[in-house]
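# Observations on chain architecture
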Amino acid sequence: METILGDVLTWSWFSEPHGYNFNSLLIPDPAGNLCIDPVEPNDEVMSELVRMGVSRIILTNRNHVRAANQVRERTGARSYMHPEDAAYAKAQGAVLDGELHDGERIGALTVIGVSGKSPGEVAFLWPERKALIVGDAVVGNPPGHLSLLRERVMDDPARLRRSVQQLLALDFDTILVGDGVSVIGDAKQRLRELVDSFRLPTAS
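A short tour of the structure in this document, coming up.

Bringing the overall build of the chain into the picture now. For the chain, the helix and strand inventory stands at 5 helices and 13 strands. Taking 204 residues into account, the globule formula puts the C-alpha radius of gyration at 17 Å, and the chain, at 16 Å, falls close to it. The buried share of the chain, reckoned over its 204 residues, is 50%. In the chain, once contacts between residues fewer than 6 apart in sequence are set aside, the share between residues at least 24 apart is 50%. Working note: accessible area of the chain is about 9600 Å², and carbon and sulfur atoms make up 46% of it. Side chains of the chain carry 21 positive and 28 negative charges; the gap between the two charge centres is 3 Å.

This is how it looks when you write it as structure tokens:
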């Protein structure tokens, strides 16, 4: 377990097929700590999660349930996901207690809809830290850059590109990614470079 942005805890699991880390976050919050997209924790990490406490597990998409059930069981946290991804996740065994909705505030975070990879994909904006937290909307690969997953795993590639383009309207300079290497500083420029590569058609 490591610390980023001062007091945010993160732990990772290396995916050999992808060639990069899958990442999880624990965001400290006075009203109850927030765990985002938890990957399988080792005993040391799980002990720390139990010690610190987890109030809510918030999941960016239907494929990032990961070890949420395990963390939920050990910590007594409640799990949340956007309703448009919930049915698929529940069919895969996810235990969900509530929903996430675009524009909703959860502690210091604001839920941002980024549909396309899946219909209920969300990101989280942390205005006080000028940080954007993403799941599968973009990945930090290669390190120092941002990219998209392969189109064959997207429900609607064109919609995802539009969603990612709209993220440029937000105020952030760091992107914490669920997959790959996070971009600490100058992240909006890295995202703009990705959007420029889309060559999106102009609206008529």
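Here the focus is helix α4 (residues 157-166). Residues lying three or four places apart along an α-helix face the same way, a consequence of the helix completing one turn every 3.6 residues. Within the sequence span of α4, burial applies to Pro157, Leu160, Ser163 and Val164. Buried residues of α4, viewed axially, fall in a sector of 120°; they line one side.

This paragraph deals with the pattern of salt bridges. Scanning all chains against the criterion turns up 12 salt bridges. Residues Asp7 and Arg129 are paired through a salt bridge, measuring 3.0 Å at the closest nitrogen-oxygen approach. Of the two residues, Asp7 is situated in the loop between β1 (2-4) and β2 (8-15) and Arg129 in the loop between β10 (122-126) and β11 (131-134); the sequence distance between them amounts to 122 residues. The partly exposed category is assigned to Asp7, whose relative accessible area is 35%. Among the residues examined, Arg129 registers a relative accessible area of 30% and is labelled partly exposed. The partner of Lys117 in a salt bridge is Asp136, and the shortest N-O contact between them spans 3.1 Å.

Read from one edge to the other, the open sheet built from 6 strands follows the order β8-β9-β10-β11-β12-β13, with strand pairing classed as mixed. The open sheet has two edge strands, β8 (105-106) and β13 (183-184), and neither has a second partner. Two strands pair when backbone bridges link them, and strand β9 (residues 109-113) and β10 are joined in this way by 4 bridges, in the antiparallel orientation. Its bridge partner lying in β10, Thr110 is registered against Leu125.

By the definition in use, this model includes 2 aromatic pairs. A ring pair is formed by Trp13 and Phe22, whose centres lie 5.7 Å apart and whose planes are at 45°; its orientation type is tilted. Given a relative accessible area of 15%, Phe22 falls into the buried group. Relative to Phe22, the ring of Tyr20 lies with its centre 6.3 Å away and its plane at 55°, an arrangement referred to as tilted. Take Tyr20 and Phe22: they sit in the same class, and that class is buried.

Among all positions of helix α5 (residues 187-196), only Ala187, Lys188, Arg190, Leu191, Leu194 and Val195 are buried. Projected down its long axis, α5 shows its buried positions confined to an angular sector of 160°, all on one face. Elements in contact with the buried residues of α5: α4, β12 (174-177) and β13.

Turning our eyes to something else, we now look at unusual backbone geometry. Cis geometry marks the peptide bond from Asn141 to Pro142, where omega comes out at 0°. Here Pro142 shows up in the loop between β11 and α4. Of note, Leu5 is a non-glycine position whose phi angle comes to about 50°, a positive value. Mapped onto the elements of the fold, Leu5 is located in the loop between β1 and β2. Residue Leu5 is classed as partly exposed on the basis of its relative accessible area, which comes to 26%. With a phi close to 50°, Asp37 is a non-glycine residue in the positive phi region. Mapped onto the elements of the fold, Asp37 is located in the loop between β4 (34-36) and α1 (43-52).

Conventions we followed
Residues numbered from 1 in each chain as written. Predicted model: local features only at pLDDT ≥ 70, side-chain atom pairs only at ≥ 80, totals over all residues. Heavy atoms only, no water. Helix = DSSP H or I, 4+ residues; strand = E, 2+ residues; numbered from the N terminus. Rg over C-alpha atoms; globule rule 2.2 N^0.38 Å. Buried < 20%, exposed > 50% of the residue type's maximum accessible area, 1.4 Å probe, protein only. Contact = heavy atoms within 4.5 Å. Areas by Shrake-Rupley, 256 points an atom, 1.4 Å probe, with all protein chains shown as cover. Lys, Arg positive; Asp, Glu negative; His and termini not counted. Charge placed at Lys NZ, Arg CZ, Asp CG, Glu CD. Arc of directions from axis to C-beta. Salt bridge = Lys/Arg side-chain N within 4 Å of Asp/Glu carboxyl O. Pairing = 2+ DSSP bridges. Phe/Tyr/Trp six-rings, centres within 6.5 Å; stacked < 30°, edge-to-face > 60°.

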